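Coordinate inspection notes
Spelled out from the first residue to the last, the chains are:
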Amino acid sequence: MIFTESLRKNQQFQICYKNGKSYGSKLFVMYVLENGTDRNRIGISVSKKVGNSIVRHRVKRLVLENYRLQEKMFNSGLDIVVIARPGAATASFVEVERALMFLGNGLNIIKK
RNA sequence: GACGCAGAACAGGUGAUCGCGGCUGUCGCAAGACAGGUGAGGAAAGUCCGGGCUUCGCAGGGCAGGAUGCCGGAUAACGUCCGGUGGAGGUGACUCCCAGGCCAGUGCAACAGAAAAUUACCGCUUCGGCCACCGGCCGGAGUAAGGGUGAAAAGGUGGUGUAAGAGACCACCGGCCGUAUGGUAACAUGCGGGCCGUGUAAACCCCAUCCGAAGCAAGACCAAGCAGAAGGGUUAAGGUCUGCCCGACCGUCCUUCAGGUGGGUCGCUUGAUGCGGCCGGUAACGGUCGCACUAGAUAGAUGAUCACCCCGGAGCGCAAGCUCUUAGACAUAACCCGGCUUAUCGUUCUGCCGAACAC
RNA sequence: AGGGCUAUAGCCAAAUGGUAAGGCAGCGGAUUCUGAUUCCGUCAUUUGGAGGUUCGAGUCCUCCUAGCCCUG
């Protein structure tokens, strides 16, 4: 991914939760915060309640793959945190794509 | 043939496009770019055992504690595996079993029952006395066959015997002791004696064997950075060995508050390794020869889309086949091995069984 | 990585291997003109699941399943 790094430290997640804007759908909750750089940072959080290791890993990959394919459509300079809800365990690639577009439009971070 | 039993292997495949982590090569001061090749499992899981490895005051002894528990073997070791013995199940192939010791000691056995371990309620027999028609009552002695209770009642069944009975005696069965034979042993079989305090050690416990502790966030090195203060103990207290004691070593240690870092390299994958042949062994396994190198991430790399084949499901059809649908089960390495346990859609192969079913 | 705890009626929970206490709630009844209070009665067929030891397991043993906690 050209414009994007990943969020790693718990502290960065906490800052995003505290100060960022949030929007939710059936599958995911998204937090967005401007980070003051020209690059995006994305963090994906999948809790144990969603499923076992296989399921959690798959959800993470689906979200990351979708973001990668749609990367150019997003505004830059953002910290994005995506939290999976239990319904995401059985979601397909297309369903994840729709959910992410819906959340992006709701937070006004998609380029027209 | 189907069903069944045992064992082994596999865990969708191929192609195209986009994408990720190591490795190698080329270019580049560097960041990085390009190319090639490589990249999860039978359980990677649960973390239930065992070992390697590393560190610790690396020495040592005892108690406590824990684990194992028929016999023999395999192994680095094991609670694992293999072969036997005994018991249980099945027609059978075969499968299952924490299977030492209540004649060392202590404890427990509710309710019922006379009695739950040196028992006698209802009974049975006999002797004496009294009342006296058959017979009954009281007392003494013998006895444990029968009844009833219970999960379990002092060997069982049948007979001899007797006043009534009793392993008192006899036959068979069971158990114990001794002995002989076979077997490395557990044990089996035979002979003789002879009938003896029930069950529970997944109750405490006894006996035999084994166990130092912690864990790759172990541990080693490099770089960067900071600031100390207060209180307490101080020759018997402390020093990462879970507890206690002895012994030996060190010379300051502990608590609270405050401050700094939270980066990198190694450990890190060549190993009790895998595959194949031959030899030894009933087997587990061992020896030897040849070939192979097959993930090493560090918030943690394998995914997505499309097409075809295969598999599963549904419909049509005598069948061949066609159409539609679904992308599959369980489950993601984190120092490494040997096991165990648990989850799992299915497919294939090998050997075996014969009660019932079909031909 | 290492270690510990819990699971019993809708909720809170007790029980030495021997009849699954008790309270709250619910339901039915009594008392009252009606309601509250009070009193009586009722409510576990699977003690988280599977197997074993035992004459007999909530309890003892083994293996699982959930949930929670501690240390680094």
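Everything that follows concerns the structure shown earlier in this document.
So, here is what we can say about the structure in this document.

Parameters and conventions
Residues numbered from 1 in each chain as written. Chains lettered and ligands numbered in written order. Predicted model: local features only at pLDDT ≥ 70, side-chain atom pairs only at ≥ 80, totals over all residues. Heavy atoms only, no water. Helix = DSSP H or I, 4+ residues; strand = E, 2+ residues; numbered from the N terminus. Buried < 20%, exposed > 50% of the residue type's maximum accessible area, 1.4 Å probe, protein only. Polar contact = N/O pair within 3.5 Å; in protein donor to acceptor, adjacent residues only side chain to side chain. Axes fitted to C-alpha atoms, helices over the stretch in contact; angles between N-to-C directions. Parallel < 35°, antiparallel > 145°, perpendicular 65-115°, else oblique. Left-handed = near helix turned anticlockwise from the far one by under 90°. Contact = heavy atoms within 4.5 Å. Nonpolar A, V, L, I, M, F, W, Y, C, P; charged D, E, K, R; others polar. Pairing = 2+ DSSP bridges.

Before going further, it helps to spend a moment on the side chain of Asn 40. Inspection of the secondary structure puts Asn 40 in strand β4 (residues 40-45). Taking the relative accessible area as the measure of exposure, Asn 40 reaches 3% and is therefore buried. Engagement of the side chain of Asn 40 in a polar contact is seen with the backbone nitrogen of Gly 77, the distance being 3.0 Å. Of the polar contacts made by the side chain of Asn 40, one reaches the backbone nitrogen of Leu 78; its length is 2.9 Å.

Let us look at the packing of helix α2 (residues 53-69) against helix α3 (residues 93-107). With their axes 10 Å apart at the nearest point, α2 and α3 run at an angle of 60° to one another. What the angle tells us is that α2 and α3 run oblique. In terms of crossing hand, the pair formed by α2 and α3 is right-handed. Here Leu 62, Val 63, Glu 65, Asn 66, Tyr 67 and Leu 69 of α2 come into contact with α3, specifically with Phe 93, Val 96, Glu 97 and Leu 100. Partitioning the contact of α2 with α3 into residue classes produces 7 nonpolar, 1 polar and 2 charged.

This part covers the environment of Met 30. Secondary-structure assignment places Met 30 in strand β3 (residues 28-34). By relative accessible area, Met 30 is classed as buried at 2%. Excluding its chain neighbours within four sequence positions, the residues that come into contact with Met 30 are Lys 21, Ser 22, Tyr 23, Ile 80, Val 81, Val 82, Leu 100, Leu 103, Leu 107 and Ile 109.

What follows covers the pairing of β3. Extensive coverage of β3 is indicated by the burial of 5 of its 7 residues. By the bridge criterion, 4 bridges tie strand β2 (residues 21-24) to β3 in an arrangement that is antiparallel. From the neighbouring strand, Tyr 23 faces β3, where its bridge partner is Met 30. Taking the residues that link successive antiparallel strands as the turn, the β2-β3 hairpin has 3 residues. In this structure, β3 lies alongside strand β5 (residues 78-84), joined through 7 bridges in antiparallel fashion. Residue Leu 33 lies in a different strand from β5, and its bridge partner there is Asp 79.

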